[in-house]
Amino acid sequence: MNRTEAESKLAQWFNISRFYDEQWEAIEKLLRGERILMIQRTGFGKSLVYQFAGMALPGTTVIFSPLI
């Protein structure tokens, strides 16, 4: 899935028009099957990264978050 296709899904699923560049960089890695460790500032949109990837990828998504 390229960024244009992903942002189309983003609009459909979350009613948000585009990713921040840093969000897309993380999502792109996840969609390629890479594992990531993402540590970002408050307000970056971390939740959207894992929620989008969880919906876009088959199977189960496991997230470790200190906020949960």
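Residues numbered from 1 in each chain as written. Predicted model: local features only at pLDDT ≥ 70, side-chain atom pairs only at ≥ 80, totals over all residues. Heavy atoms only, no water.

Quick notes on the nonpolar core
- Formed by Ala6, Leu10, Phe19, Trp24, Ala26, Ile27, Leu30, Phe44, Leu48, Val49, Phe52 and Ala53, the largest nonpolar core amounts to 12 residues.
- Among the elements of the structure, helix H1 (3–14), helix H2 (21–31) and helix H3 (46–56) are those that each provide at least two residues to this core.
- Those residues in contact with Ile27, other than ones at most four positions away along the chain, are Phe19, Val49 and Phe52. (Core = buried A, V, L, I, M, F, W, Y, C linked by side-chain atoms within 4.5 Å. Buried < 20%, exposed > 50% of the residue type's maximum accessible area, 1.4 Å probe, protein only. Helix = DSSP H or I, 4+ residues; strand = E, 2+ residues; numbered from the N terminus. Contact = heavy atoms within 4.5 Å.)

Some remarks on the confidence of the model for the chain
- Of the residues in the chain, 97% reach a pLDDT of 70 or more, and the chain-wide mean stands at 89.
- Within the chain, the lowest mean pLDDT, 89, falls on H3, and the highest, 96, falls on H1. (pLDDT = per-residue confidence, 0-100.)

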